[in-house]
Amino acid sequence: MTNEVRLRAVEQADLEVFFEQEQDPVAAARAAFPPRDRERFMKHWETRVLGDPAVTVRTVLVGGRVAGNVVAWPQDGRHWVGYWYGRDFWGGGVGSRGLALFLGEMPVRPLYADPVETNVGSVRVLEKCGFRLLSEKDGEHVLLVLDE
């Protein structure tokens with residue numbers, strides 16, 4: 001097994017991994033996003049992510065293991081990007097590589113992201129992929145944009 005990072009379409013079994021990753025209390029605190037119960041999580045993914053043709057989503061794999069996901073969606077006249085990686089994949093460049101691969105497939109620009117300001121790892125991933133800081137969004141989040 002290698003540490004090669006690649007993307008593929010989301011498979012049903014991936015949702016179980018994504019659900020478990022969201023349940024990690026450290027990840028949830030870092031993202032300032034409370035974990036959902038299984039039913040709400042699965043319904044959201046099946047209807048609002050996988051069931052919406054305006055949403056683009058990919059599973060990120062590292063050496064064949066599901067590392068997380070990257071997703072882009074339209075909202076309020078803008079296109080947004082977000083991602084979630086399991087803690088085992090933090091700090092080794094997986095986030096930046098997975099996002100860069102996704103951005104290569106996602107032609108829509110500009111793209112916006114709004115990570116929690118204290119999640120410096122996530123802000124750094126976005127900056128490494130060409131996003132630039134626009135402003136603080138609401139005192140807790142920062143707003144970044146990828147123009148090109």
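Scroll up for the structure.
What counts, and where the lines are drawn
Residues numbered from 1 in each chain as written. Predicted model: local features only at pLDDT ≥ 70, side-chain atom pairs only at ≥ 80, totals over all residues. Heavy atoms only, no water. Core = buried A, V, L, I, M, F, W, Y, C linked by side-chain atoms within 4.5 Å. Buried < 20%, exposed > 50% of the residue type's maximum accessible area, 1.4 Å probe, protein only. Helix = DSSP H or I, 4+ residues; strand = E, 2+ residues; numbered from the N terminus. Contact = heavy atoms within 4.5 Å. Salt bridge = Lys/Arg side-chain N within 4 Å of Asp/Glu carboxyl O. Axes fitted to C-alpha atoms, helices over the stretch in contact; angles between N-to-C directions. Parallel < 35°, antiparallel > 145°, perpendicular 65-115°, else oblique. Left-handed = near helix turned anticlockwise from the far one by under 90°. Nonpolar A, V, L, I, M, F, W, Y, C, P; charged D, E, K, R; others polar. 1 Å grid on protein atoms, 1.4 Å probe; cavity = no way out; pocket = protein on both sides within 12 Å on 5 of 7 lines; lining within 4 Å. Points joined across faces, edges and corners; volume = space filled by probe spheres on them. Pairing = 2+ DSSP bridges.

### Describing the nonpolar core
At step 1: Grouped together as the largest cluster of nonpolar side chains are 26 residues, with contacts concentrated most on Val60, Val70, Val94, Leu99 and Phe131.
At step 2: Counting residues per element, the ones that place at least two in this core are β1 (5-8), β2 (56-62), β3 (65-75), β4 (78-85), α4 (94-105), β5 (111-113), α5 (120-128) and β7 (142-146).
At step 3: In terms of residue count, α4 provides more of this core than any other element does, four residues in total.
At step 4: Setting aside residues up to four positions removed in sequence, Val94 forms contacts with Val5, Val60, Val62, Ala67, Tyr85 and Phe89.
At step 5: If you look at the next biggest cluster of nonpolar residues, it comprises 13 residues, including Val10, Leu15, Phe18 and Trp45.

### Remarks on the pattern of salt bridges
At step 1: Evaluation of the coordinates by the stated rule reveals ten salt bridges.
At step 2: With a shortest N-O distance of 3.9 Å, Arg38 and Glu20 are connected by a salt bridge. A residue pair is termed long-range when its members are at least 10 positions apart, and Arg38 in helix α3 (residues 38-49) and Glu20 in helix α1 (residues 12-23) qualify at 18 residues.
At step 3: Judged by its relative accessible area of 48%, Glu20 is partly exposed.
At step 4: Among the charged side chains, a salt-bridge network with shared partners connects Arg8, Glu11 and Asp14.

### Some remarks on the packing of α4 against α5
At step 1: Where α4 meets α5, the axes come as close as 9 Å, and the angle between the chain directions of the two elements is 45°. With respect to each other, α4 and α5 are oriented oblique. Where α4 crosses over α5, the two elements pack in a sense that is right-handed. Residue-level inspection shows Gly95, Ser96 and Leu99 of α4 in contact with α5, the latter providing Val125, Leu126 and Lys128.
At step 2: Within the contact of α4 with α5, the residues separate by chemical class into three nonpolar, two polar and one charged.

### Description of the layout of surface pockets
At step 1: For the largest pocket, the calculated volume is near 1500 Å³.
At step 2: In this structure, the largest pocket is lined by 49 residues; those nearest its centre are Ala31, Trp73, Gly82, Tyr83 and Trp84.
At step 3: Looking at the lining of the largest pocket, the elements with two or more residues in it are α1, α2 (25-31), α3, β3, β4, α4 and α5.
At step 4: No other element matches β4, which puts seven residues into the lining of the largest pocket.
At step 5: Class assignment for the residues of the lining of the largest pocket results in 24 nonpolar, 14 polar and eleven charged.

### Here we look at the pairing of β7
At step 1: With five of five residues buried, β7 lies mostly within the body of the structure.
At step 2: Side-chain alternation along β7 places Val142, Leu144 and Leu146 on one buried face and Leu143 and Val145 on a second face that is also buried.
At step 3: The sheet contact formed by β5 and β7 spans three bridges and is antiparallel. Within the sheet, the bridge partner assigned to Ala113 lies in β7 and is Leu144.

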